Amino acid sequence: MKAAVLGYGTIGSGVVEILEQKKELITRETGEEVSVKYVLDLRDFPGDPVEKILVHDFDTILNDPEVGLVVETMGGTGAAYTFVKSALLAGKSACTSNKALVAKYGSELLAIAREKKLNFQFEASVGGGIPIIRPLYSCMTAGNITEITGILNGTTNFMLSKMDLEGRAYEDVLKEAQALGYAERDPSADVEGYDACRKIAILSSIAFGKFVDFEQIETRGITDITKDDMAFARKMGYAIKLLGSCKNVDGKIYASVSPKFLPTGHPLYPVSGVFNAVYVKGDMSGDLMFYGSGAGKLPTASAVVADVVEITRNPGRTVFAGWADETLALSENTGAENQYFVRFNAADQSVEEAAAAAFGAEEITKIDHEPGFALLTAKMTRAEYEEKAAAFSQIAQMIPVQG
Ligand SMILES: NC(=O)c1ccc[n+]([C@@H]2O[C@H](COP(=O)([O-])OP(=O)(O)OC[C@H]3O[C@@H](n4cnc5c(N)ncnc54)[C@H](OP(=O)(O)O)[C@@H]3O)[C@@H](O)[C@H]2O)c1
């Protein structure tokens, strides 16, 4: 198998490194030697061993009949889409670490791969080094997946963990995440939840077998989470985590990205720092949890190389993966039942009593020397919550509780 790696950045260079370092192991696993014939990048890499195989023109790869596989690690949905699509149309399989590409064009690329008896695989696009996509479509086929809930973005998990453990403010931990290289100068893809949204869209599509459009997923980030929310969460026995989630409730499929209150007993509760984890419920498998490095050069590249191995093992045969070329209609989240954490910015006994009665709260929580109070509502739909909340101008925050 001769492969071409598109993009020699963090992940692409990791893929080249692993394929070289683990050559013997990979040859044993696939029964065939896998070698990188080309590396495509915009830059030159003087002194780097890839210098000899570096090209700047994708057509060199496209027009070389010896290349059977392109490994896309450039990112984005521009050239990455054009190159992967034309490679598939030219009879070359493809794999990618690019969640934006898979969430936007996955259906089309999977359909071309199937038609041409090729493979399009994307294990590293969700959860970096955590094996999650292949377990969902392969190991869990003997039952239905009923729920997936994941900590899918390491940057925001790092920030929320710091806010929780060190009692620091959002702006302060964002600066630290940027200084450490975890967050971009423009952090919106992480902190607004867009990155997690694309990842839960991919997982939902696999779990429910039809394309889930990321643009239809209600997405809320962590920008309005305050030190006060963290302090109340801790006192009430919860952590606040940014969760991507999809659920099948009596045939209705709900999906969202939102900060959630996680109870101490939940398997995702102890997942802190830059780690990712995905909690999956199946009607036959029961509860499963996948945990590990959601990013990073070698963990992510190892997941890409696993695709390279799978593709090399299956020449002329499309491995069942992905979803049908049909869009799944998500149900409105306003109809889903939940408990809610609600924080009020004024402590006045009449407001406390009225709020407890309106929301069916069992207790009111207060923190010494802090203004306001908080409560957990009874279970209700979001539409019901919003109707009741309209009567309270003192509400400063609402965060759903993970059931
Ligand atoms: N980094 C992680 O931990 C991680 C984890 C999971 C998934 N991913 C995904 O993996 C992909 C790659 O991420 P990365 O961190 O490796 O990015 P990166 O370090 O920026 O590497 C991308 C490389 O591709 C090159 N490139 C971009 N456009 C190109 C084009 N049109 N033609 C040729 N080369 C091009 C870039 O060159 P220039 O630098 O000159 O632009 C750069 O060398 C992304 O989709 C990302 O979301 C990354």
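Our structure is the block above this text.
Bear in mind the structure is a predicted one, so any value in this text is a computation, not a measurement. Per chain, the residues get numbers from 1 upward, laid out in the order the sequence is written. Residues qualify for local features only when their pLDDT is at least 70, as the model is predicted, and side-chain atom pairs are given and counted only at 80 or more; totals for whole chains, interfaces and linings, by contrast, use all residues. Note that the side-chain values use all heavy atoms of the structure and ignore hydrogens as well as water.

A.B. asks: I'd like a rundown of the overall build of the protein chain, residues and numbers included.
C.D. replies: Every helix listed is a DSSP run of H or I at least four residues long, and every strand listed is a run of E at least two residues long, numbered separately from the N terminus. The number of helices and strands found in the protein chain is 14 helices and 19 strands. Whereas a compact globule of 403 residues would reach a radius of gyration of roughly 22 Å, the protein chain reaches 23 Å, a difference of no more than 12%. With respect to the principal axes defined by its C-alpha atoms, the protein chain has extents near 75 × 45 × 35 Å. For the protein chain, buried positions account for 54% of its 403 residues. Per-residue and other accessible areas follow the Shrake-Rupley method at a 1.4 Å probe size, with only the shown protein chains counted as cover for residues. In the structure as shown, the protein chain presents an accessible area of about 17,600 Å², 50% of it carried by carbon and sulfur atoms. Across the protein chain, the mean location of the 39 positive side-chain charges is 3 Å away from that of the 54 negative side-chain charges. As defined in this context, the radius of gyration uses C-alpha atoms, and a globule is described by 2.2 Å times the residue total to the power 0.38. Whether a residue is buried, partly exposed or exposed follows from its accessible area with a 1.4 Å probe, protein chains only, as a fraction of its type maximum: under 20%, in between, or over 50%, in that order. His residues and chain termini do not enter the charge count, which takes Lys and Arg as positive and Asp and Glu as negative. Just so you know, the charge point we use is NZ for Lys, CZ for Arg, CG for Asp and CD for Glu.

A.B. asks: An account of the environment of I222 is needed here, citing residue identities and associated values.
C.D. replies: Here I222 shows up in the loop between strand 9 (218-219) and helix 11 (227-236). Considering only alpha carbons, one finds I222 and L160, 62 residues apart in sequence, at a separation of 8.3 Å. If we skip the residues at most four places from it in the chain, I222 touches T156, M159, L160, Y170, V191 and L242. Any two residues whose heavy atoms approach within 4.5 Å are treated as being in contact.

A.B. asks: Residues and numbers for unusual backbone geometry, please.
C.D. replies: Positive phi is not limited to glycine here, since K117 has a value of about 55 degrees. Checked against the element boundaries, K117 lands in the loop between helix 5 (99-115) and strand 6 (120-121). At D250, a residue that is not glycine, the phi angle is positive and equals roughly 50 degrees. Among the structural elements, D250 can be located in the loop between strand 10 (238-249) and strand 11 (252-263). The exposure class of D250 is exposed, given its relative accessible area of 80%.

A.B. asks: Help me get a handle on empty space enclosed by the protein, residues and values and all.
C.D. replies: In this analysis a 1.4 Å probe is tested at points of a 1 Å grid over the protein atoms alone, and where it fits but cannot get out there is a cavity; an open set with protein on both sides within 12 Å along at least five of seven lines is a pocket; lining residues have an atom within 4 Å of a point. Grid points are joined across faces, edges and corners, and a volume is the space filled by probe spheres set on the points. Counted by the stated rule, this structure contains 2 cavities of 30 Å³ or more. In this model, the largest cavity occupies a volume close to 50 Å³. Around the largest cavity, the lining residues are L110, A113, R114, L118, N119, F120, T318, V319 and A321. Per element, the largest residue contribution to the lining of the largest cavity is 3 residues, and it comes from helix 5.

A.B. asks: Tell me what's going on with the sheet that holds strand 6, and back it up with residues and numbers.
C.D. replies: The parallel open sheet is built from 6 strands, whose spatial order is 3-2-1-4-5-6. Edge strands, defined here as strands with exactly one partner in the open sheet, are strand 3 (54-55) and strand 6. In terms of strand pairing, strand 1 (residues 2-6) meets strand 4 (residues 67-72) through 5 bridges, oriented parallel. For V5, the partnering residue across the bridge sits in strand 4 and is V71. Seen against the sheet, helix 1 (residues 10-21) touches strand 1, strand 2 (35-40) and strand 4 and runs at an angle of roughly 155 degrees to strand 1. A fitted line through C-alpha atoms serves as each axis, taken over the contacting stretch for helices, and the angle formed by two N-to-C directions is quoted from 0 to 180°. Its contacts with the sheet place helix 12 (residues 297-313) against strand 4, strand 5 (93-96) and strand 6, and it is angled at close to 160 degrees to strand 5. Two strands pair under a simple rule: DSSP has to find at least two bridges between them.

A.B. asks: Which residues make up the environment of F341, and what values do they have?
C.D. replies: Along the polypeptide, F341 turns up in strand 15 (residues 337-344). Sequence-wise, F341 and A378 are 37 residues apart; in three dimensions their C-alpha atoms are separated by 9.8 Å. With sequence-adjacent residues up to four places away left out, F341 is seen in contact with D229, F232, M236, F261, A374, L375, L376, Q397, M398, I399 and V401.

A.B. asks: I'd love a proper account of the site of the ligand, names of residues and values included.
C.D. replies: Whether a residue is near a molecule or strand is decided by its heavy atoms; if any one of them lies within 4 Å of it, the residue is near. Taken together, 20 residues are adjacent to the ligand, and I11, D41, R43, S97 and G296 come closest. Under this definition, polar contacts are N or O atom pairs within 3.5 Å; protein pairs additionally need one hydrogen-donor-capable and one acceptor-capable atom, and for neighbouring residues in sequence, both atoms have to be side-chain atoms. L42 has a polar backbone atom sitting 3.5 Å from a nitrogen atom of the ligand. K99 has a polar side-chain atom sitting 3.1 Å from an oxygen atom of the ligand. Relative to its unbound accessible area of 890 Å², the ligand is 72% covered by the protein chains. Each molecule is assigned to a cavity or pocket provided more than half of its atoms lie within 2 Å of the corresponding grid points. Applying the majority rule of atoms within 2 Å of the grid points places the ligand in the largest pocket. We call Asp, Glu, Lys and Arg charged. Ala, Val, Leu, Ile, Met, Phe, Trp, Tyr, Cys and Pro are nonpolar, and the rest, Gly among them, are polar. Across the shell around the ligand, the residue classes break down as 8 nonpolar, 9 polar and 3 charged.

A.B. asks: Talk me through the packing of aromatic side chains; I want residue IDs and the actual numbers.
C.D. replies: For any pair of aromatic rings, geometry is given as the distance between the ring centres together with the angle between the planes. Two rings belonging to Phe, Tyr or Trp (six-membered ring only in the last case) form a pair when the distance between their centres is within 6.5 Å. Interplanar angles under 30 degrees mark stacking, angles over 60 mark edge-to-face geometry, and anything in between is tilted. Scanning the model with the defined rule gives 15 aromatic pairs in all. Look at F158 and Y182: their rings are 4.9 Å apart centre to centre, the planes differ by 70 degrees, and that puts the pair in the edge-to-face class. Separated by 24 residues along the polypeptide, F158 in helix 7 (residues 154-166) and Y182 in the loop between helix 8 (170-179) and helix 9 (188-191) bring together distant segments of the chain. Overall, the relative accessible area of 9% leaves F158 in the buried class. Clustering of aromatic rings is evident, with ring pairs tying together Y340, F344, F359, F373, Y385 and F392.

A.B. asks: An account of the pattern of salt bridges is requested, with residue identities and associated values reported.
C.D. replies: When a carboxyl oxygen of Asp or Glu lies within 4 Å of a side-chain nitrogen of Lys or Arg, that pair is called a salt bridge. Going through the model one piece at a time under the given rule, you end up with 24 salt bridges. Between R168 and E166 there is a salt bridge, with its nearest N and O atoms 2.6 Å apart. For D195, the salt bridge identified is with K199, shortest N-O distance 2.8 Å. Placement of the pair is D195 and K199 together in helix 10 (residues 194-208), with a separation of 4 residues, close to one helical turn. Members of the salt-bridge network, linked through shared partners, are K162, E166, R168, D172 and E176.

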